[in-house]
Amino acid sequence: SAVISQKPSRDICQRGTSLTIQCQVDSQVTMMFWYRQQPGQSLTLIATANQGSEATYESGFVIDKFPISRPNLTFSTLTVSNMSPEDSSIYLCSVEDRRTGGEKLFFGSGTQLSVL
Amino acid sequence: AQSVAQPEDQVNVAEGNPLTVKCTYSVSGNPYLFWYVQYPNRGLQFLLKYITGDNLVKGSYGFEAEFNKSQTSFHLKKPSALVSDSALYFCAVRDITASKLTFGTGTRLQVTL
């Protein structure tokens, strides 16, 4: 199974600043996803990070607020821009590992973000 | 559109008793169904999946789930609960033609002595 390293594990940020979250996978994967888990709620897909092209964003999420990079098949970053307290959440990187059939997702340990 | 419903916010079970965590789904085609578990301050861990074949699927830590197409359900079960099973459980569905996974709202399982 894919091993995912996500950092930082947590951060406390000031309103108006930006935070970049990194996701490193131990193998090449085609599909990488970024999810948000707000307090007491389920996971919501923010976007699919595509290698070599722009990310595909879900309804309600825009590139200016959540720019994503995917420079290669093992790495991606998600930036939370111009943060407000409403952005306080857990952000999770996820990958689809074709070596295990590709149907299931593997998740990083998440980044707990608190915005003051 | 695909969706998942987990009708119970929390399930309380005594250790040693059987447990069931409910999940119903809606997809336009044939579903891929999953259960994930989240322990405190951890990411999600895969428990089990249904793709095709036997309706009863066995997964990690003694958990199993039964796919019921007529009732569009995929309930998670375990014959004998452990205190260490206490965690947040998420059901998820994906249409076989799509890559997007849709999660339910989660059910907190509390197992007590």
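Residues numbered from 1 in each chain as written. Chains lettered and ligands numbered in written order. Predicted model: local features only at pLDDT ≥ 70, side-chain atom pairs only at ≥ 80, totals over all residues. Heavy atoms only, no water.

J.: How should the packing of aromatic side chains be read in this particular structure?
T.: For any pair of aromatic rings, geometry is given as the distance between the ring centres together with the angle between the planes. All names here are of chain B. Applying the stated criterion across every chain yields a total of 13 aromatic pairs over all chains. Ring centres of Tyr 25 and Phe 67 lie 6.1 Å apart, and the angle between their planes is 25°; on these two criteria the pair is classed as stacked. Placement of Tyr 25 in strand S4 (residues 24-26) and of Phe 67 in strand S8 (residues 64-68) is noted, with a sequence separation of 42 residues between them. With 5.9 Å between their ring centres and 75° between their planes, Tyr 36 and Phe 46 make a pair best called edge-to-face. A residue pair is termed long-range when its members are at least 10 positions apart, and Tyr 36 in strand S5 (residues 31-38) and Phe 46 in strand S6 (residues 44-50) qualify at 10 residues. Judged by relative accessible area, Tyr 36 falls into the buried class, the value being 0%. (Phe/Tyr/Trp six-rings, centres within 6.5 Å; stacked < 30°, edge-to-face > 60°. Helix = DSSP H or I, 4+ residues; strand = E, 2+ residues; numbered from the N terminus. Buried < 20%, exposed > 50% of the residue type's maximum accessible area, 1.4 Å probe, protein only.)

J.: Sorry if this is basic, but what is going on with the environment of Ser 42 of chain A here?
T.: Relative to the assigned elements, Ser 42 of chain A resides in the loop between strand S4 (31-37) and strand S5 (43-49). Ignoring any residue separated from it by four or fewer positions in sequence, one finds Ser 42 of chain A in contact with Arg 36 and Gln 37 of chain A together with Phe 90, Phe 103, Gly 104 and Thr 105 of chain B. (Contact = heavy atoms within 4.5 Å.)

J.: What am I meant to see in the nonpolar core here?
T.: Ranked by internal contacts, the top residues of the largest apolar core, which has 28 residues, are Trp 35, Leu 47, Leu 48, Phe 74, Leu 76 and Tyr 89 of chain B. Mapped onto this core, the elements with two or more residues apiece are strand S2 (10-14), strand S3 (19-21), S5, S6, S8, strand S9 (73-78), strand S10 (87-95) and strand S12 (107-112) of chain B. A total of four residues in this core trace back to one element, the largest contributor, which is S10 of chain B. Discounting chain neighbours no more than four positions away, the residues touching Leu 76 of chain B are Leu 19, Thr 20, Val 21, Trp 35, Leu 47, Leu 48, Phe 63, Glu 64, Ala 65 and Tyr 89 of chain B. Residues Ala 2, Ile 4, Cys 13 and Phe 106 of chain A belong to the second largest nonpolar core, which totals 27 residues. (Core = buried A, V, L, I, M, F, W, Y, C linked by side-chain atoms within 4.5 Å.)

J.: Could you clarify how one ought to interpret the state of the cysteines in this entry?
T.: Joining two cysteines, a disulfide is a covalent bond between their sulfur atoms. Taken as a whole and assessed by the stated rule, the structure comprises two disulfides over all chains. Across the disulfide, Cys 23 of chain A is cross-linked to Cys 93 of chain A (sulfur-sulfur distance 1.9 Å). For the disulfide bridge between Cys 23 of chain A and Cys 93 of chain A, the dihedral angle about the S-S bond is near -65°, and by the sign convention the bridge is left-handed. Of the two residues, Cys 23 of chain A is situated in strand S3 (residues 19-25) and Cys 93 of chain A in strand S9 (residues 89-96); the sequence distance between them amounts to 70 residues. A relative accessible area of 0% means that Cys 93 of chain A is categorised as buried. Two residues, Cys 23 of chain B and Cys 91 of chain B, share a disulfide whose sulfurs are 2.0 Å apart. Looking along the S-S bond of the Cys 23 of chain B-Cys 91 of chain B disulfide, the torsion reads about -60°, which is the left-handed sense. (Disulfide = S-S within 2.5 Å.)

J.: Please explain the environment of Ser 27 of chain A as it appears in this structure.
T.: Residues and elements named next belong to chain A. Its location among the elements puts Ser 27 in the loop between S3 and S4. Residue Ser 27 is classed as buried on the basis of its relative accessible area, which comes to 11%. C-alpha of Ser 27 to C-alpha of Asp 97: the two residues are 70 residues apart in sequence and 8.6 Å apart in space.

J.: Looking at this structure, how should I read the sheet that holds strand S8 (residues 75-80) of chain A?
T.: Consider a sheet: its strands pair through backbone hydrogen bonds, and that pairing is either parallel or antiparallel. Residues and elements named next belong to chain A. Strand order in the open sheet formed by four strands is S1-S3-S8-S7, with antiparallel pairing between adjacent strands. Looking at strand neighbours, the two that pair on one side only are strand S1 (4-7) and strand S7 (68-72), the edges of this open sheet. Between one strand axis and the next, the sheet turns through 15° on average, direction left out of account. Bridging between S3 and S8 involves six bridges; their strand directions are antiparallel. (Pairing = 2+ DSSP bridges. Axes fitted to C-alpha atoms, helices over the stretch in contact; angles between N-to-C directions.)

J.: Would you take a moment to explain the side chain of Gln 37 of chain A for this structure?
T.: By secondary structure assignment, the location of Gln 37 of chain A is in strand S4. For Gln 37 of chain A, a relative accessible area of 6% puts it in the buried group.

J.: Hey, could you run me through the pairing of S4 of chain A in this one?
T.: Strand residues, when the strand is regular, have side chains that alternate between the two faces of the sheet. All names here are of chain A. Of all seven residues in S4, seven are buried, a share of seventy percent or more. Going residue by residue along S4, you find Met 31, Phe 33, Tyr 35 and Gln 37 tucked away on one face and Met 32, Trp 34 and Arg 36 tucked away on the opposite face as well. Relative to S5, S4 runs antiparallel, the two being bridged by six bridges. Pairing of Phe 33 across the sheet is with Thr 48, part of S5. Two successive antiparallel strands, S4 and S5, enclose a turn made up of five residues, where Gly 40 displays a positive phi of approximately 70°.

In short, shape yes, function no, at least from these values alone.
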